[in-house]
Amino acid sequence: MDPFLLEAIVNGILLGGVFALPVLGLNLVFGVVDVVWLCYAELVMVGMYCVWFLHTQAGWPLILAFAACLPVVAMLGLLLHLLVVKPLLGSPPITQVLATGGVLFILQGGAMLTFGTDFRSLGVEMPPMEVGEIFVSGTKLVAFVAALVSAAGLWAFLKFTYVGTAIRAIARDREVMPLMGVDPQRIYLVASAVGGGLAGLAACLLVVQLDVHPFIGLSFGPITFMICVMGGLGNMLGGFLAAFLMGVIISTGGFWWNTEMSYVVAFVFFIVVMFARPRGLFAR
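Reading the values: rules and limits
Residues numbered from 1 in each chain as written. Predicted model: local features only at pLDDT ≥ 70, side-chain atom pairs only at ≥ 80, totals over all residues. Heavy atoms only, no water. 1 Å grid on protein atoms, 1.4 Å probe; cavity = no way out; pocket = protein on both sides within 12 Å on 5 of 7 lines; lining within 4 Å. Points joined across faces, edges and corners; volume = space filled by probe spheres on them. Helix = DSSP H or I, 4+ residues; strand = E, 2+ residues; numbered from the N terminus. Nonpolar A, V, L, I, M, F, W, Y, C, P; charged D, E, K, R; others polar. Phe/Tyr/Trp six-rings, centres within 6.5 Å; stacked < 30°, edge-to-face > 60°. Buried < 20%, exposed > 50% of the residue type's maximum accessible area, 1.4 Å probe, protein only. UniProt positions renumbered as here; feature names shortened; annotations may be inferred.

1. Quick word on the layout of surface pockets
Empty space among the atoms becomes apparent when a probe as large as a water molecule is rolled across them. Here the second largest pocket defines a volume of roughly 490 Å³. Breaking the lining of the second largest pocket down by element, the ones donating at least two residues are α1 (3-33), α5 (138-160), α8 (217-231), α9 (236-256) and α10 (259-276). Considering each element in turn, the lining of the second largest pocket owes the most residues, 5 residues, to α1. In terms of residue class, the lining of the second largest pocket is built from 11 nonpolar, 9 polar and 2 charged.

2. What to know about empty space enclosed by the protein
A complete count under the given rule lists 1 cavity of 30 Å³ or more for this structure. Volume-wise, the largest cavity comes out at about 30 Å³. Val18, Phe19, Pro22, Leu206 and Phe220 together form the lining of the largest cavity. Among the elements that line the lining of the largest cavity, the one with the most residues is α1, at 3 residues. Of the residues in the lining of the largest cavity, the class split is 5 nonpolar, no polar and no charged.

3. Points about the packing of aromatic side chains
As enumerated under the stated definition, the model contains 8 aromatic pairs in all. When the ring of Tyr49 is compared with that of Trp52, the centres are 6.5 Å apart and the planes differ by 85°; the resulting orientation is edge-to-face. Of this pair, Tyr49 and Trp52 both sit in helix α2 (residues 40-57), 3 residues apart, which is roughly one turn of the helix. Just as Tyr49 is buried, Trp52 falls in that class too. Between Trp155 and Phe160 the ring centres are 5.4 Å apart and the planes differ by 90°, which places this aromatic pair in the edge-to-face class. On the accessibility criterion, Phe160 (59% relative accessible area) is exposed. Joined through ring pairs, the aromatic side chains of Tyr49, Trp52 and Phe115 make up one cluster.

4. Some remarks on the UniProt feature "transmembrane region" (unreviewed entry) in the protein
According to UniProt, the feature "transmembrane region" (unreviewed entry) maps to residues 12-30, 37-54, 60-85, 97-115, 135-158, 187-208 and 263-282 in the numbering used here. Regarding residues 97-115, the helix share stands at 100% and the strand share at 0%, and the terminal C-alpha atoms are separated by 27 Å.

Here's what the structure looks like:
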């Protein structure tokens, strides 16, 4: 195999690992609360700014900046649920989408007023690793491993804890579980906090790879939603697998053509999948 093509495939797998975290967060919130957070990528943007400011402006060590980012974005997820989503739980879906879309513009505007439109870089880069005939970005590899560990931690939380079991039960049947003593509102809060925390984790992994600016969410937000739908909205495992599939498509598309065309190929593939399997590739 052409070593450059092999390198593109490996980079696609690494990219899919980073895509997986926001996809898992979105699917968790939708599966439990049944509301799509249209502003989810902007929560990631806030987390990226948080890490950048604490590390470059406040002088915090990078690890401490990462640690502070997680509760900040988790709290933002809680506030989003309490102030925006909860009052609209009984409303039509279009109302919920428009409300979270309004939060998207509020966060973008707030970031623009606070930090301006300049691109901010963390200035952290790890040397590439040579594996056989290919080179792998050290930064992307560390981010990939961290994403897999985080995904495994989320799986263990949902599988082996009482709250995780309640989350899965609510996701399966939110009407029956209250009759069995489960408080849905409490589970909604936990799911929103965990979803926000996953956005914070994604911010920590992306800020070392991308420059942050108020519209950074537009660069990966649409593809994140597309992966969620392609894997089956609310399907955690389906979204996880679809993230890797889409990462490889985008990366190999960049190898054969260019970055812009690779996203065109990805969207065409998405449209074809939606015609063939409207509920997603891995829908139950």
